[in-house]
Amino acid sequence: MLENQELPEILASRLFFQGKKFQFEVNKLRLPNGVEGEWECIPHPGGALAVPVTNDGQLVLVRQYRFAVKNRLLEFPAGTIELGEEPEITIKREIEEETGYCANKWRNLGKFALAPGYSDEYIYVFLAQELEKLPNPRKQDDDEDIEVVLMSPSEFEKLAMTGNEIDAKTISSYFLARPFLL
């Protein structure tokens, strides 16, 4: 959540869909400027993401199948924040599950709104350093089809410039971490 929010007045709210991962609602609102109308929203508990860096400067990414885009994307490990959980706890679990590494040094890099045109989701970004490969990694979730990929920051930047294969939260998070990588 942002500090100093300008909250709209909620005049009516309708839940259209409740799914396993998200819900879809339509709200009749009066915006801070006085305009009234209906706006759709996908409320979301937020996510946490790590930019993991090995001791020799390699980025640790995951290539993961994403059904919505019908393709595999390169991403930094991330996960949805569970009810009552702090983002720091979420990402420590997710990095172990998705990559088989744990980090001994963490830096909070901030947060950003992922898709503010239709969702209230924020991604909390952390730099994960001093990585250790786990002898017995956590089991991945059943729906995760993940391959761990190591690459240098320069390789990542070249690939990101093609506009393919890497998702937006990963590119954005990389640039939050970049000053600490060079």
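Residues numbered from 1 in each chain as written. Predicted model: local features only at pLDDT ≥ 70, side-chain atom pairs only at ≥ 80, totals over all residues. Heavy atoms only, no water.

Asks: Lay out the overall build of the protein chain with the relevant residues and their values.
Replies: Within the protein chain, the secondary structure is distributed over three helices and 10 strands. Oriented by its inertia axes, the alpha-carbon framework of the protein chain measures out at about 55 × 35 × 35 Å. Of all 182 residues assigned to the protein chain, the portion counted as buried reaches 41%. Considering only contacts within the protein chain whose residues lie at least 6 apart along the sequence, 58% involve residues at least 24 apart. (Helix = DSSP H or I, 4+ residues; strand = E, 2+ residues; numbered from the N terminus. Buried < 20%, exposed > 50% of the residue type's maximum accessible area, 1.4 Å probe, protein only. Contact = heavy atoms within 4.5 Å.)

Asks: Kindly report on the sheet that holds strand E8 (residues 101-113), identifying the contributing residues and their values.
Replies: For sheets, the rule is that strands pair by backbone hydrogen bonds, running either parallel or antiparallel. Read from one edge to the other, the open sheet built from four strands follows the order E7-E4-E9-E8, with strand pairing classed as mixed. Here the strands that pair on one side only, and so sit at the sheet edges, are strand E7 (78-80) and E8. Each strand axis lies, on average, 20 degrees off the axis of its neighbour in the sheet, ignoring direction. Judged from the three bridges that link them, strand E4 (residues 47-52) and E7 form a sheet pairing that is antiparallel. The residue bridging Leu49 from the neighbouring strand is Ala78, located in E7. Relative to E8, helix H1 (residues 87-99) is tilted by about 125 degrees, and along the sheet it contacts E4, E7, E8 and strand E9 (122-133). (Pairing = 2+ DSSP bridges. Axes fitted to C-alpha atoms, helices over the stretch in contact; angles between N-to-C directions.)

Asks: Can you break down the pattern of salt bridges residue by residue, with the values?
Replies: Should the charged atoms of two oppositely charged side chains come close, the side chains can pair. Using the criterion set out here, one finds 12 salt bridges in the structure. Between Glu75 and Arg66 there is a salt bridge; the shortest N-O distance is 2.8 Å. Ionic contacts of the salt-bridge type, sharing partners, join the residues Arg66, Glu75, Asp167 and Lys169 into one network. (Salt bridge = Lys/Arg side-chain N within 4 Å of Asp/Glu carboxyl O.)

Asks: I'd like a description of the pairing of E4, backed by residues and values.
Replies: Among the six residues of E4, six are classified as buried, and the element is accordingly described as predominantly covered. Burial along E4 is two-sided: Gly47, Leu49 and Val51 facing one way and Ala48, Ala50 and Pro52 facing the other are all buried.

Asks: How would you explain the packing of aromatic side chains if you had to name every residue and give the values?
Replies: Here the structure, examined in full by the defined rule, presents five aromatic pairs. Aromatic side chains Phe156 and Tyr174 sit 4.6 Å apart centroid to centroid with 40 degrees between the ring planes, which places their arrangement in the tilted category. One end of the pair, Phe156, is in helix H2 (residues 153-160); the other, Tyr174, is in helix H3 (residues 168-177), and 18 residues separate them in sequence. Considered together, Phe156 and Tyr174 belong to a single accessibility category, that of buried residues. A centroid spacing of 5.1 Å and a plane angle of 85 degrees characterise the contact between Tyr174 and Phe175, whose relative ring orientation is edge-to-face. (Phe/Tyr/Trp six-rings, centres within 6.5 Å; stacked < 30°, edge-to-face > 60°.)

Asks: So what's going on with unusual backbone geometry? Which residues, and what values?
Replies: Even without glycine at this site, Lys70 takes up a positive phi of about 55 degrees. In this structure, Lys70 sits in the loop between strand E5 (59-66) and strand E6 (71-75). For Glu165, which is not glycine, the phi torsion reads 75 degrees and is therefore positive. With respect to the element layout, Glu165 can be found in the loop between H2 and H3. Owing to a relative accessible area of 31%, Glu165 belongs among the partly exposed residues under this scheme.

Asks: Pulling in residues and values, what's your account of H3?
Replies: Those residues of H3 that fall on the buried side of the exposure criterion are Lys169, Thr170, Ser173, Tyr174 and Ala177. Along the axis of H3, the buried positions cluster into a sector of 135 degrees, meaning they face one direction only. (Arc of directions from axis to C-beta.)

Asks: Let's hear about the nonpolar core: which residues, and what values?
Replies: Counting 20 residues, the largest nonpolar core has Leu49, Val51, Leu59, Leu61, Phe76, Val125 and Phe156 as the members making the most contacts within it. For this core, the secondary-structure elements that each account for two or more residues are E4, E5, E8, E9, strand E10 (146-151), H2 and H3. What Leu61 contacts, discounting residues up to four positions off in sequence, is Leu74, Glu75, Phe76, Glu147, Val148, Val149, Met151, Phe156 and Thr170. In terms of nonpolar packing, the next biggest core, distinct from the first, is built from 10 residues, Ala48, Ile95, Ala103 and Phe126 among them. (Core = buried A, V, L, I, M, F, W, Y, C linked by side-chain atoms within 4.5 Å.)

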